[in-house]
Protein chains: 2
Amino acid sequence: MDKNSRILLVEDEEALGYLLSEYLGMKSFTVHWAKNGNEAIGLLERREFDLVLLDVTMPVVDGFTLAKRIKEKYPELPFLFLTARSLKVDVLKGFSLGAVDYLKKPIDEEELVARITAILSRIQVIPPDKEPKRYLLGSYIFDAVNQKLVFEGEETGLTSRESELLQLLADNKNNLCSHRDILIQLWGENDYFNRKSLNVFITRLRTYLKKDRKIRIENVHGKGFILSLQDN
Amino acid sequence: MDKNSRILLVEDEEALGYLLSEYLGMKSFTVHWAKNGNEAIGLLERREFDLVLLDVTMPVVDGFTLAKRIKEKYPELPFLFLTARSLKVDVLKGFSLGAVDYLKKPIDEEELVARITAILSRIQVIPPDKEPKRYLLGSYIFDAVNQKLVFEGEETGLTSRESELLQLLADNKNNLCSHRDILIQLWGENDYFNRKSLNVFITRLRTYLKKDRKIRIENVHGKGFILSLQDN
DNA sequence: AAGCATATTAATCTTTCATTAATTCTTATT
DNA sequence: AATAAGAATTAATGAAAGATTAATATGCTT
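Residues numbered from 1 in each chain as written. Chains lettered and ligands numbered in written order. Predicted model: local features only at pLDDT ≥ 70, side-chain atom pairs only at ≥ 80, totals over all residues. Heavy atoms only, no water.

### Structural notes on the sheet that holds strand S5 (residues 101–104) of chain A
Residues and elements named next belong to chain A. Filter applied, for reference: Whether two strands pair comes down to DSSP finding at least two bridges between them. Helix numbers and strand numbers start at the N terminus; a helix is a DSSP run of H or I with at least 4 residues, a strand a run of E with at least 2. Lines fitted to the C-alpha atoms define the axes, with helices restricted to the stretch that makes contact. Angles between their N-to-C directions range from 0 to 180 degrees. Residues count as neighbours in contact if any of their non-hydrogen atoms are within 4.5 Å of one another.
Taking strand neighbours across the sheet as the criterion, the 5 strands line up as S2-S1-S3-S4-S5 in an open arrangement whose pairing is parallel. The sheet is open, and its two borders are formed by strand S2 (30–34) and S5, each paired with just one other strand. The mean angle between the axes of side-by-side strands here comes to 20°, regardless of whether they run parallel or antiparallel. When strand S4 (residues 79–83) meets S5, the two strands line up parallel, connected through 4 bridges. Looking across to S5, one finds that phenylalanine 81 is bridged to tyrosine 102. Along the sheet, helix H2 (residues 37–46) makes contact with strand S1 (6–10), S2 and strand S3 (51–54), crossing S2 at roughly 140°. Taken strand by strand, helix H3 (residues 63–73) contacts S1, S3, S4 and S5, and its axis lies near 175° from that of S4.

### Considerations on the protein's contact with DNA strand D
Basically, it comes down to this: Residues are counted as near a molecule or strand when any one of their heavy atoms sits within 4 Å of it. A 3.5 Å cut-off defines polar contacts: any pair of N or O atoms within that distance qualifies, except that in protein one atom must be a possible hydrogen donor and the other a possible acceptor, and neighbouring residues in sequence count only when both atoms are side-chain atoms. Residue polarity is assigned by list, with Asp, Glu, Lys and Arg as charged and Ala, Val, Leu, Ile, Met, Phe, Trp, Tyr, Cys and Pro as nonpolar; anything else, Gly included, falls into the polar class.
In the region of DNA strand D, 19 residues are neighbours, and Arg206 and Gly222 of chain A together with His179, Arg206 and Gly222 of chain B sit closest. Within 4 Å of the protein, atoms of DNA strand D come from sugar and phosphate in 89% of cases. In the model, a phosphate oxygen of DNA strand D is placed 3.2 Å from a nitrogen or oxygen of the histidine 179 of chain B side chain. Side-chain polar atom of arginine 206 of chain B to a phosphate oxygen of DNA strand D: 2.8 Å apart, as the coordinates give it. When contributions to the surface near DNA strand D are tallied by element, the ones reaching two or more residues are helix H8 (192–209) and strand S11 (215–220) of chain A together with helix H8 (192–209) of chain B. Classifying every residue of the surface near DNA strand D by side-chain character gives 5 nonpolar, 12 polar and 2 charged.

### Focus on the protein's contact with DNA strand C
Not every one of the 19 residues close to DNA strand C is listed here, only the nearest: Thr159, Arg161 and Trp187 of chain A together with Thr159 and Arg161 of chain B. In DNA strand C, atoms within 4 Å of the protein come 86% from sugar and phosphate. Between DNA strand C and the protein, one listed contact pairs a phosphate oxygen with a side-chain N or O atom of serine 197 of chain A at 3.4 Å. Here a phosphate oxygen of DNA strand C sits 3.2 Å away from a polar atom, N or O, in the side chain of tryptophan 187 of chain B. When residues of the surface near DNA strand C are traced back to their parent elements, those giving at least two are helix H6 (160–171) and H8 of chain A together with helix H6 (160–171) and H8 of chain B.

### Brief notes about the packing of H6 of chain A against H8 of chain A
Residues and elements named next belong to chain A. Spelled out, the test is: Roughly parallel means an angle under 35 degrees; roughly antiparallel, over 145; roughly perpendicular, 65 to 115; everything else is oblique.
Packing of H6 against H8 brings their axes to within 10 Å, and their N-to-C directions diverge by 80°. Viewed along their axes, H6 and H8 adopt a mutual orientation that is roughly perpendicular. Contacts between H6 and H8 pair Arg161, Glu162, Leu165, Leu166 and Leu169 from the former with Leu198, Phe201, Ile202, Arg204, Leu205, Tyr208 and Leu209 from the latter. Tallied by class, the residues present in the contact of H6 with H8 amount to 9 nonpolar, no polar and 3 charged.

### Overview of helix H4 (residues 88–96) of chain B
Applicable threshold: Note on exposure labels: buried denotes an accessible area under 20% of the residue type's maximum, exposed denotes more than 50%, and partly exposed covers the range between, all computed with a 1.4 Å probe on protein chains only. Note that the arc is defined by the directions from the helix axis to the C-beta atoms.
Buried within H4 of chain B we find Asp90, Val91, Gly94 and Phe95 of chain B. For H4 of chain B, the arc enclosing every buried residue in end-on projection is 135°, short of the 170-degree limit, so these residues lie on one face. Residues Val89 and Ser96 of chain B are exposed on H4 of chain B and point more than 90 degrees away from its buried face. Contact partners of the buried residues in H4 of chain B: helix H5 (109–121) of chain A together with helix H3 (63–73), strand S4 (79–83) and strand S5 (101–104) of chain B. Immediately beyond the C-terminal end of H4 of chain B, within one or two residues, lies glycine 98 of chain B, with a positive phi of roughly 105°.

### A look at the packing of aromatic side chains
Each aromatic ring pair is described using two quantities: the centre-to-centre distance and the angle formed by the ring planes. Just so we agree on the cut-off: Pairing of aromatic rings covers Phe, Tyr and Trp, the last through its six-membered ring, and needs centres within 6.5 Å; plane angles under 30 degrees mean stacked, over 60 mean edge-to-face, and all others mean tilted. For a ring to carry a charge above it, either NZ of a lysine or CZ of an arginine must fall within 6 Å of the ring centroid while also lying within 35 degrees of the normal to the ring plane.
If you walk through the whole model with that rule in mind, you get 14 aromatic pairs over all chains. Both rings, one in phenylalanine 64 of chain B and one in phenylalanine 81 of chain B, keep their centres 5.3 Å apart while their planes meet at 70°; by these two values the pair is edge-to-face. In this pair, phenylalanine 64 of chain B sits in helix H3 while phenylalanine 81 of chain B sits in strand S4, placing the two residues 17 residues apart along the sequence. These aromatic residues form a ring-pair network of at least three members: Phe64, Phe79, Phe81 and Tyr102 of chain A. A cation over an aromatic ring shows up here: lysine 35 of chain A above the ring of tryptophan 33 of chain A, its NZ or CZ 4.7 Å from the ring centre. The ring of tryptophan 187 of chain B carries arginine 161 of chain B above its face, with NZ or CZ at 4.5 Å from the centroid.

### A few points about the environment of lysine 71 of chain B
Residues and elements named next belong to chain B. By the secondary structure assignment, lysine 71 is in helix H3. Sequence separation of lysine 71 and glutamate 13 is 58 residues, and the distance between their C-alpha atoms is 24 Å. Within the structure, the side chain of lysine 71 is placed 3.5 Å from the backbone oxygen of proline 75, a separation counted as a polar contact.

### With respect to the interface of chain B and chain A
We apply this condition: Take the accessible area each of two parts loses on contact, using a 1.4 Å probe, and add the two losses: that sum is the buried area. Salt bridges are identified by distance alone: a Lys or Arg side-chain nitrogen within 4 Å of an Asp or Glu carboxyl oxygen.
Listed per partner, the contact involves 33 residues of chain B and 37 residues of chain A. Interface area for chain B against chain A, summed over the two sides, is near 3,000 Å², with a carbon-plus-sulfur share of 46%. The interface formed by chain B and chain A holds 10 salt bridges in total. A salt bridge links lysine 88 of chain B to aspartate 108 of chain A, with the nearest nitrogen and oxygen atoms 3.1 Å apart. Counting across the interface, chain B meets chain A through 14 residue pairs in polar contact (both at pLDDT 80 or more). Contributing elements (two or more residues each) for the side of chain B that touches chain A: H4, S5, helix H5 (109–121), helix H7 (179–187) and strand S11 (215–220) of chain B. Among the elements that make up the side of chain B that touches chain A, the one with the highest residue count is H5 of chain B (5 residues). Of the residues that constitute the side of chain B that touches chain A, the class distribution is 13 nonpolar, 7 polar and 13 charged.

### Some remarks on the domain arrangement of chain A
Residue and element names in this part refer to chain A. Operational definition: Domains are outlined according to an automatic or database domain assignment.
Each assigned domain of chain A is listed with its residue range as follows: domain 1 (6–124) and domain 2 (129–229). Contacts between the two partners involve 8 residues from domain 1, matched on the other side by 9 residues from domain 2. Around 760 Å² of area is buried between domain 1 and domain 2 when both sides are counted, 32% of it from carbon and sulfur atoms. In terms of surface lost to domain 2, no three residues of domain 1 exceed Glu45, Arg46 and Arg47, which account for 68% of the buried area on that side. Inspection of the domain 1/domain 2 interface yields 3 salt bridges. Between arginine 47 and glutamate 164 there is a salt bridge whose closest N-O contact spans 2.2 Å. At the surface where domain 1 touches domain 2, the tally comes to 7 residue pairs in polar contact (both at pLDDT 80 or more).

See below:
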């Protein structure tokens, strides 16, 4: 129905993933392509989607497991499977997990678009009042949805990138976030230039956070960053 | 929800029609079997259904034609095709007529049930929640029903759009309303021009609201707007 | 059909922000 | 200590988004 719907594509095969994201992009959907389940989970945490397109056979976190998690955390978010596993038990399992559709590869692209469109047009457009997601970071309160950082009542607006990055770090508080994961999650690609860009954002977050010494962003040389919070 | 749902089956083949109505009946759906398009039309007028299962190839009134009539007269009633015609053009035609699904014969009965169940479970029960019609916005009182904004006894009439927009923002006071949600909610579509239009209205609301500094419409770059109210 | 209120489109100007670049500072390795 | 790679910092840039004002179109009411 409404163009510009945001689709999360979870597909580990390079070729098919590329093909689909290009094709759907052409059809004026906004596509984010996660190459594995963990990437998908991260993206779901910090971006909004209207629909998820799931492969079943994937390493690490398979599609069924991912579907289960989606159903738990985002019960209103429609997802559908696109898979080579056409066994009846798999189909039934897919639907029993709450899938809206179960498509068998190879799928005709036009039919895929028709089915996606059919699904989206049946969705209620009532914005699901997303609760402000807040993190307690020392004396700071970080509101990820509204992109605000509050220190003693004084609030600072964050840009989208700043906010996404801080959220990713906060979700892994006191744990290492590798360059690689950060770049894949937020930039979609892990290359030299994006890494430079990441450094700039780290610096900016540090300046925002320097009012409370208990919280800081540490660097692990050659590995990544840790948002470390000293308790006491 | 899904149990005991009323299904209208439109199928001219005796054998398949019998089989399906028996099977679906066993699964505790209430099935009415129409053997041709005219019968179906008659039944639709006399009874209520939750879903229609349509064959395409039928004498007199074919499935596509029937689908068109259903869409016109009962736009909310979901229908799906079950047919031997698996040509791509037919599939696309089916969806373009508003079908929820398009199944190719022969279909596994269990899968059919799974798909029907999936469709029925997505039928939206729109909660008739009563919106508050009067809002306190700092020193302003906003009366959404009468589209009035009152500041120290002095009232300003708002236009419908202005009022709708302010109400949406007020319902999400201190929380981000994305462009997307605003546009879809108020304009029905999220495109370049409507977005420009939205900007104009934001400007207007801001001029109305500038008598009280505690209330203001903030912009979150690339995301949307926040009606922010400073307490105290 | 004229006149008014309202909504949309257009045109112009301003601001924001991610990225790139340039430079200095750190750390690890030899 | 010398070197190279990684990291931090600051500033510059250009494209996109937003704000504002004005002009046009749409639709009612009389």
